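Structural overview for review
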Amino acid sequence: MEHALGVHRLHFAFTITFHYIFPQLTMGLALLIVYLKTKALRTNDEHYNRAARFWARIFGINFAVGVVTGIPMEFQFGTNWAAFSRAAGGVIGQTLAMEGVFSFFLESTFLGLLLFGEKKLGRIGHWWAAFLVWLGSWLSGYFIVATNAWMQYPTGHRVDSHGQIELANFWQLVVNRWVLWEYAHTMLGAVQTGCFVMAAVGAFYLLTKRHESYGRTFVKSGVLVGVVAAILQLFPTGDEQGKLIADHQPVTLAAMEGLFESQKGAPVALIGQPDLQKRRLDNPIEIPNMLSFLTYREWKANVRGLDAFPQDQWPDMVPLLYFAYHVMVGLGTIFIAVMVLAALMLWRGKLYASGAMLWALMVCVPLPYIANTAGWMTAELGRQPWLIYGLMRTAHGVSPQVGAGNAWFTLIGFMGLYTVLGILWLFLVYREIEDGPEPDEVLQRQPAVTEAAG
Amino acid sequence: MGTLWFCLVAMMITVYVVLDGFDLGAGAIHLLVAKTDEERRQVLASIGPVWDGNEVWLIAAGGTLYFAFPALYASGFSGFYLPLMIVLWLLILRGISIEFRNHIISRVWDPLWDFLFSASSLLLAVFFGAALANVVRGVPLDSTGYFFEPLWTDLRLGEQTGILDWYTILVGVLALLALVMHGALWVQMKTTGAVNQRSAMFAANAWWGVLILTAMVTTITFKIQSQVKENFVTWPWGLIFPFLAIAGIVGVRFELVKRDERKAFFASCAYLMGMLTSVVFGLYPLVLPARNPVYSLTISSAKAADYGLKVGLVWWTFGILLVIGYFTHTYRSLAGKVAVAEHKAHSSPEIA
């Protein structure tokens, strides 16, 4: 990697991958905290408020790391991708600036109130703080996905005579088919991370026989929300994303599926290794005709393979793209299985006593992080060799004056800093989980006394 | 439309400097004004609930700059590659040292967090000052519209400048002293006891440095950036900006002597606003002067197309009104001195 381009790509890939560990959890947890606060309001049970407070603390740690690792993302558009920024800043700068103005201020203000203002705000006010933190974090997600969606499926713009890309229709940029499906799919992924983390902590408490009342609440909340999210992730959002890719990035679809040759009744490969030299899939295990059906709802439909496109249009890392996509889909399938099974056992009243199922929920915790990362890798590697699909190639977007030496210097700096940050983060989150929520027992003395008096 | 956005971006940056400026200043003097754990928690509690929101102004200003002046964002950010990356690292260190100190209840780690918090704040102040000085002095832009500055070359104001030369270092020191004064006045206003007295002393001492360096830097700036003089001669009404700065700096002294902590802090805000608006006024219509003036980026050469700027004005106005609401509410509810519980090892400030 003596060329600057590769280093700049790795620079962005590394910093965004590390960064996205945090927002996927905070966006998911924000929804679950609103769920717990709503339960608290409805049932009038202080248990749910204490549960919400516990998760708000974990949210706070993740939010802090998410904020400090997020600022470098905005800066890098200018520092490492100056040519891209110069050409397209008038378009994607809109959504990025809106994120700052509409969501970050909202989030930072109401997170302060969520963490430190419970007494002052009262029950309803504190619910609103939780709701607005959720709104802020999900708006933030929307603006980022809208930015990415425009790079995948540019629309609402015009290219002037100097090659400048300018905004021509604001609403087309902010609301279009691509952004809506990509947003739904991304958010469901974040919700699953939140659900798996919550259920895993609950399972951990039940298995270690500590904070068991919370253990049950966490497992139940995680599984109930998680089962819905896991299914919606596949259908309709995953399915619709697939169709959009088939329509607008057909060469990407071929690369993702490892389909080298165009064929009628194309199969879906479950396992297999793409061999670029021989242009085939090694050791394939396939479901015949499935890809044709999924893409066009016809068993014998013709699906274009990589051979239908000139090689300079292919994504430049076909094997990695293929595996990223397969890891995402494979894990997504596992999530549906685990969550549906857990939900059935919950319904039958057997979940809290089932050691095996609780173990399964607990060890699943890294998997949604991997699936979310693999999903983004699919989107970003699939967009290659384009930076803005069909408009600007990645090689043309890089900062012309920032050489490989300087890019390596800062990449290594980020790697060192993020390693330390990652260790500290794991340590802090683990400590919060070890400490657990405020015990129910102590505060339950109140009703016990009234009962005795009555 | 371009000029309007020039003013709006300048306003956002000014708000950032005034707000996060006191966080950085408080950080820079943290180790010296607060000796015991309780005192240090007083300093941290004075900025704890607000620093994060203040920093958002930087992100929002960055985003706004990006969409309104894409060519400036591209040239400036890639040209200032190294200092910006260092600024990012410092922002990360500052953020986590404030947040993690609250979460790790172990005295062993406290000196590390305090040191990181203080060192990163101090260096941020210097780098921001030096960055501003780079813009004022001009950068080695060429016909491609790009440049790249190493951190330093020969520390002179030649053709191939580095980020650091004697002028930018001088402005960096001025920025540090100005923010030390600003932060000390904030800490003074928010605290009681020994911290309050020490920060008053810091503000009073930093004031002399600010006064002398402001005079020096202003004189030199007129010499090295001809646009500044031209603008003040063409539009003499612009002198209200430097007058605001002068009124601010005089006001700080006056209120310090009178011991009015609130007014002293507001006078310092006026000084910072006056200084920044003077710079912005002096550079207009340049957004990034080049060492060779032919290649300077101007408002019209750097701005985005008018349609986007018009659309932006609609949502931006709406968004900023909301933000003003949040900030008014937050600062109101936090008014008065901070109280730090003595018995608790680490207390989170409860909003009163």
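Criteria and cut-off values
- In every chain, residue numbers begin from 1 and rise along the written sequence.
- To label them, take the chains in the order written and letter them from A, then take the ligands in the order written and number them from 1.
- Totals for whole chains, interfaces and linings use all residues, but because this is a predicted model, local features are given only for residues with pLDDT of at least 70 and pairs of side-chain atoms are given and counted only at 80 or more.
- Numbering of helices and strands runs from the N terminus, with a helix taken as a DSSP run of H or I at least four residues long and a strand as a DSSP run of E at least two residues long.
- Radius of gyration: over C-alpha atoms. The globule rule applied is 2.2 Å multiplied by the number of residues raised to the 0.38 power.
- Exposure classes come from backbone-placed C-beta atoms, where a residue is buried if 20 or more other C-beta atoms lie within 10 Å of its own, exposed if 12 or fewer do, and partly exposed in between.
- Two residues qualify as being in contact provided that their C-beta atoms, derived from the backbone, are within 7 Å of each other.
- Any helix carries an expected span of 1.5 Å times its number of residues minus one.
- A residue's bend is given by the angle between axes fitted to the 7 residues ending at it and the 7 residues starting at it.
- Each residue is assigned to one of three groups, with Ala, Val, Leu, Ile, Met, Phe, Trp, Tyr, Cys and Pro labelled nonpolar, Asp, Glu, Lys and Arg labelled charged, and all others, Gly among them, labelled polar.
- Each axis is a line fitted through C-alpha atoms, taken for helices only over the stretch in contact, and angles between the N-to-C directions span 0 to 180 degrees.
- With respect to orientation, any angle under 35 degrees is reported as roughly parallel, any angle over 145 as roughly antiparallel, any angle of 65 to 115 as roughly perpendicular, and every other angle as oblique.
- Confidence of the predictor in every single residue is expressed as pLDDT, which spans 0 to 100.
- Any two strands are treated as partners once DSSP identifies two or more bridges connecting them.

1. As for the overall build of chain A
Looking only at helices and strands, one finds 14 helices and eight strands in chain A. Its C-alpha radius of gyration of 24 Å places chain A within 12% of the 22 Å reference for a compact globule of 454 residues. Each principal axis of the C-alpha atoms in chain A carries an extent, and together these give about 85 × 50 × 40 Å. Residues counted as buried form 50% of the 454 residues belonging to chain A. Once local pairs closer than 6 in sequence are excluded, the contacts in chain A between residues at least 24 apart make up 74%.

2. Points about the overall build of chain B
Helix and strand counts for chain B come out as 13 helices and two strands. Taking 2.2 N^0.38 as the reference for a compact globule, 352 residues should give roughly 20 Å; the C-alpha atoms of chain B span a radius of gyration of 20 Å, in line with that estimate. C-alpha extents for chain B along the principal axes are approximately 65 × 40 × 40 Å. Here chain B, with 352 residues, has 55% of them falling under the buried criterion.

3. Points about helix 4 (residues 118-152) of chain A
If you check helix 4 of chain A, its first and last C-alpha atoms are just 42 Å apart, much less than what 35 residues at 1.5 Å a residue would give, namely 51 Å. The axis of helix 4 of chain A is deflected most strongly, by about 90°, at Ile124(A).

4. Quick word on the interface of chain B and chain A
Between chain B and chain A, the residue contacts involve 54 residues of the former and 52 residues of the latter. Only helix 3 (51-68), helix 4 (70-79), helix 5 (81-103) and helix 13 (306-333) of chain B provide two or more residues apiece to the side of chain B that touches chain A. If one sorts the elements of the side of chain B that touches chain A by residue count, helix 5 of chain B sits on top with 13 residues. Considering only residue class, the side of chain B that touches chain A consists of 35 nonpolar, 16 polar and three charged.

5. Here's the deal with helix 6 (residues 177-207) of chain A
Helix length check: helix 6 of chain A (31 residues) gives 44 Å between terminal C-alpha atoms against 45 Å at 1.5 Å per residue, within 8%. Immediately downstream of helix 6 of chain A, the backbone of Lys209(A) shows phi near 55°, a positive value.

6. Overview of the packing of helix 2 (residues 46-79) of chain A against helix 5 of chain B
Look at helix 2 of chain A against helix 5 of chain B: their axes get within 9 Å of each other, and the N-to-C directions meet at 175°. Taken together, the axes of helix 2 of chain A and helix 5 of chain B lie roughly antiparallel to each other. Every residue of helix 5 of chain B that contacts helix 2 of chain A at Ile61(A), Ala64(A), Val67(A), Val68(A), Ile71(A), Pro72(A), Phe75(A) and Thr79(A) is listed here: Tyr81(B), Leu84(B), Met85(B), Leu88(B), Leu91(B), Ile92(B), Gly95(B), Ile96(B), Glu99(B) and His103(B). Of the residues belonging to the contact of helix 2 of chain A with helix 5 of chain B, the class tally is 14 nonpolar, three polar and one charged.

7. Side note on the confidence of the model for chain A
Of all residues in chain A, 96% attain a pLDDT of 70 or more, and the chain-wide mean is 93. Of the regions scoring below 50 in pLDDT, residues 443-454 of chain A engages in one contact with residues more than four places distant in sequence or in other chains.

8. Looking at the environment of Arg280(A)
Residues and elements named next belong to chain A. Positionally, Arg-280 belongs in strand 5 (residues 280-287). Linking Arg-280 and Phe-260, residues 20 residues apart in sequence, is a C-alpha distance of 6.0 Å. Contacts of Arg-280, omitting those with residues within four sequence positions, involve Phe-260 and Asp-275.

9. Section: the pairing of strand 4 (residues 268-275) of chain A
In this sheet, strand 5 of chain A lies alongside strand 4 of chain A in antiparallel orientation, the contact comprising six bridges. Residue pairing for strand 5 of chain A: Gln273(A) is matched across the bridge by Asp282(A).

10. Some thoughts on the confidence of the model for chain B
All names here are of chain B. The share of residues in chain B with pLDDT of 70 or more is 97%, and the mean pLDDT across the chain is 91. Note that residues 343-352 has pLDDT below 50 and, in this model, 22 contacts with residues that lie over four places away or in other chains. Model confidence for the complex: the whole-complex pTM is 0.93, and ipTM, which rates the interface, is 0.91.

11. So, the environment of Leu123(B)
All names here are of chain B. Here Leu-123 lies in helix 6 (residues 110-137). The exposure class assigned to Leu-123 is buried, which follows from the 21 C-beta atoms found within 10 Å. Separated by 34 residues in sequence, Leu-123 and Trp-89 have C-alpha atoms that sit 11 Å apart.

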